[in-house]
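Listed below are the residues making up each chain.
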Amino acid sequence: MSKNIFLCCILAITCALAVASDPAPLQDFCVADFNSQVLVNGVACLDPKLVTADNFFLSGFDKPGNVSNQQGSAVTSAMVEQIPGLNTLGTSLIRFDYAPWGIVSPHMHPLASEILVVVEGTLLVGFVTSNPDNKLISKVLQKGDVFVFPQGLVHFQQNVGYVNAFSYSAFGSQNPGVVLVPNTVFGSTPHITTDVLAKAFQVDKAIVDQIEAKF
Ligand SMILES: *[C@@H]1O[C@H](CO)[C@@H](O)[C@H](O)[C@H]1NC(C)=O
């Protein structure tokens, strides 16, 4: 009896692990065919006879993004939209550029863990563990340092130097997904009611209105 319960637990855990990343490919590749009308989990495959090296290629990752914005940061993506060949392969890449003191807002990726490497500059990075601890795990990174953000946990980056910085991040999914905390909480359409947010953040409704007005 208890043996059966134990077996059930092992099964439940292994099944949970199996769905925590992209499904394994069933073929060498499945270059995304954005013209296909077929709806599948991911993007339908281009006829392999039509596939070329360019389907697996992207240039320009040496070029900085434009950081003249409120956050002082920019994202350059190497996702399936840019590299159709990484459809179904369970991976993707991003370049982050940061102005001095620029930030990447607290956000999380529901579908993948992230591994970041600093190429230039000094970054403060961190993530927060889930309830009930909500512990901040944080570190200042120098050029060449690598840091990992676990799947689904809220994390952020800030350039804490006086010169521009940049980093690359790789993900364990072709589509890690992005949930930006400020935008989802204060910038949803329509807004979450002021009463809910005022109670959640333990502030006056006027403060909620003030924050919402910025989105
Ligand atoms: C960068 O973005 C700012 C604000 O959108 C814009 O004014 C500026 O022309 C852009 N710079 C370049 C080099 O594209």
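Refer to the structure presented above.
Structure report, in brief. (Residues numbered from 1 in each chain as written. Predicted model: local features only at pLDDT ≥ 70, side-chain atom pairs only at ≥ 80, totals over all residues. Heavy atoms only, no water.)

Next up on the list: the pairing of strand β3 (residues 103–108). Examined bridge by bridge, β3 and strand β8 (residues 155–159) share three bridges and lie antiparallel to one another. Paired with I103 across the two strands is Q158, which belongs to β8. Sheet analysis places β3 next to strand β10 (residues 179–180), joined by two bridges and oriented antiparallel. Looking at the pairing, H107 lines up with L180 of β10. (Pairing = 2+ DSSP bridges. Helix = DSSP H or I, 4+ residues; strand = E, 2+ residues; numbered from the N terminus.)

Our next topic: the state of the cysteines. Should the sulfur atoms of two cysteines be covalently bonded, the bond is a disulfide. Scanning all chains against the criterion turns up one disulfide. Note on cysteine connectivity: C30 is disulfide-linked to C45, with sulfurs 2.1 Å apart. The disulfide joining C30 to C45 has a torsion of about -105° about its S-S bond and is therefore left-handed. Of this pair, C30 sits in the loop between α1 (2–18) and β1 (73–78) while C45 is found in the loop between α1 and β1, placing the two residues 15 residues apart along the sequence. (Disulfide = S-S within 2.5 Å.)

Here the focus is the packing of aromatic side chains. Describing an aromatic ring pair means giving the distance of the ring centres and the angle of the ring planes. In total, this model carries eight aromatic pairs according to the counting rule given. Pairing F29 with F56 gives two aromatic rings, centres 5.4 Å apart and planes at 75°, and the pair type is edge-to-face. Pair noted here: F29 is in the loop between α1 and β1 and F56 is in the loop between α1 and β1, with a separation of 27 residues, a long-range link. The partly exposed category is assigned to F29, whose relative accessible area is 28%. Ring centres of F166 and Y168 lie 5.6 Å apart, and the angle between their planes is 85°; on these two criteria the pair is classed as edge-to-face. A relative accessible area of 15% places F166 in the buried class. Through successive ring pairs, a cluster of aromatic residues spans F61, F166 and Y168. Across from the ring centre of F166, 3.7 Å away, lies the NZ or CZ of R95, which sits over that ring. (Phe/Tyr/Trp six-rings, centres within 6.5 Å; stacked < 30°, edge-to-face > 60°. Buried < 20%, exposed > 50% of the residue type's maximum accessible area, 1.4 Å probe, protein only. Lys NZ or Arg CZ within 6 Å of the ring centre and 35° of its normal.)

Just geometry here; none of it tells us what the structure is for.
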